[in-house]
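Structural features, examined
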Amino acid sequence: MKEKFMREAIRLSIENVETGKGGPFGAVIVKDGKIIARGANQVTTDNDPTAHAEVVAIRNACKALSTFQLDGCEVYTSCEPCPMCLGAIYWARPDKIYYANSKEDAADINFDDQFIYEEIAKPINERKLFTQQMLRDEAIEGFKKWSESQDKIEY
């Protein structure tokens, strides 16, 4: 069954290129042996840099399940997830991830995320993207209210 699900993710990646809708990335999310959501790269069609196949599939799965976590689910993706997608997958909390192409394969066709991995590891003041903390004393109020709230939904 795992091969069937991975082949669907791969099929989505190929179809996405053939139809001109975006990059060669596809993903499916499976629960209880059934595909509950699909996603393909929609970065250029939606003008959304976060619309990677895995993120699209996660959004679709959460809608289908009416939840913000994917407990009991498996993610099948045509390529090893980039840092953003890997973060999104961890936040969604599925049970397993399976991937086909490696991040090195992606780099070979100019989808290279290595610089992001390297930037994340650097101290903030050494990163290429200017970053500065400000108004923490004001912003911390939201965190205090969250901590004290009796109505919050933990995640």
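Refer to the structure printed above.
Structural notes, computed from the coordinates. As the structure is a computational prediction, the values presented were derived from the model and not from experiment. Every chain begins its residue count from 1, and numbering advances along the sequence as written. Reporting of local features is limited, given that this is a predicted model, to residues whose pLDDT is at least 70; pairs of side-chain atoms are given and counted only at 80 or more, and all residues count toward the totals for whole chains, interfaces and linings. The basis for every side-chain value is the complete set of heavy atoms in the structure, and neither hydrogens nor water enter the calculation.

A word on the overall build of the protein
Under the scheme used here, helices are H or I runs from DSSP no shorter than 4 residues and strands are E runs no shorter than 2 residues, and both carry numbers assigned from the N terminus. Check the secondary structure of the protein and you find seven helices and four strands. Ordering the α and β elements of the protein from the N terminus gives α-β-β-α-α-β-α-β-α-α-α. Along the first, second and third principal axes, the C-alpha set of the protein runs to 50 × 40 × 25 Å. For each residue, the accessible area found with a 1.4 Å probe, counting protein chains only, is set against the maximum for its type, and the residue is called buried under 20%, exposed over 50%, and partly exposed in between. A burial count over the protein gives 30% of its 155 residues as buried. We call two residues in contact whenever any of their non-hydrogen atoms come within 4.5 Å of each other. Sequence-distant contacts, at least 24 apart, represent 49% of the contacts inside the protein between residues at least 6 apart. Residues scored as charged are limited to Lys and Arg (positive) and Asp and Glu (negative), so that His and the chain ends carry no count. By convention, the charge on Lys lies at NZ, on Arg at CZ, on Asp at CG and on Glu at CD. Taken together, the 20 basic and 26 acidic charged side chains of the protein have centroids lying 5 Å from each other.

Thoughts on the nonpolar core
Ranked by internal contacts, the top residues of the largest apolar core, which has 16 residues, are Ile29, Ile58, Ala61 and Leu70. Those elements that provide at least two residues to this core are strand S1 (26-31), helix H3 (53-65), strand S3 (73-79) and helix H4 (83-92). When residues in this core are grouped by element, the largest group, five residues, is from H3. Non-local contacts of Ile29, meaning those with residues more than four positions away in its chain, are made with Lys34, Ile35, Ile36, Ala37, Ala57, Ile58, Ala61, Leu70, Cys73, Glu74 and Val75. Buried residues of nine kinds, namely Ala, Val, Leu, Ile, Met, Phe, Trp, Tyr and Cys, make up a nonpolar core once their side-chain atoms join them within 4.5 Å.

Some words on a nonpolar patch on the surface
Like-charged residues within 9 Å of one another, or nonpolar side chains (Val, Leu, Ile, Met, Phe, Trp, Tyr) within 5 Å, are grouped into patches, provided each residue has over 30% relative accessible area and no salt bridge. Here the open area of atoms and residues is found with the Shrake-Rupley method and a 1.4 Å probe, where only the protein chains shown may cover a residue. By definition here, a salt bridge exists when the distance from a side-chain nitrogen of Lys or Arg to a carboxyl oxygen of Asp or Glu is within 4 Å. Taken together, the side chains of Phe68, Trp91, Trp146, Ile153 and Tyr155 present a nonpolar region at the surface, about 640 Å² in accessible area. Note that Ile153 resides in the segment after helix H7 (136-148). Judged by relative accessible area, which is 59%, Ile153 ranks as exposed.

A short note on the sheet that holds strand S2 (residues 34-40)
Taking strand neighbours across the sheet as the criterion, the four strands line up as S2-S1-S3-S4 in an open arrangement whose pairing is mixed. Where the open sheet ends on each side, the last strands, each with one partner, are S2 and strand S4 (96-101). Looking at each pair of strands side by side, their axes are set apart by 15 degrees on average, direction ignored. Bridge count between S1 and S3: five bridges; the pairing is antiparallel. Residue Ile29 lies in a different strand from S3, and its bridge partner there is Val75. The strands touched by helix H1 (residues 2-18) within the sheet are S1, S2, S3 and S4, with S1 carrying the most contacts at an inclination of about 150 degrees. Two strands are said to pair when DSSP picks up at least two bridges between them. Lines fitted to C-alpha atoms define the axes here, with helix axes fitted over just the stretch in contact, and angles between the N-to-C directions of these axes take values from 0 to 180 degrees.

A word on the pairing of S3
Of all seven residues that make up S3, seven are buried, and the element is covered over most of its length. As paired strands, S3 and S4 are joined by five bridges and run parallel to one another. Across the sheet, residue Glu74 finds its bridge partner in S4, namely Lys96. Handedness of a crossover: with both strands directed away from the viewer, a clockwise path from the first strand across the helix to the second marks it as right-handed. In this fold, the crossover linking S3 to S4 by way of H4 has right-handed handedness.

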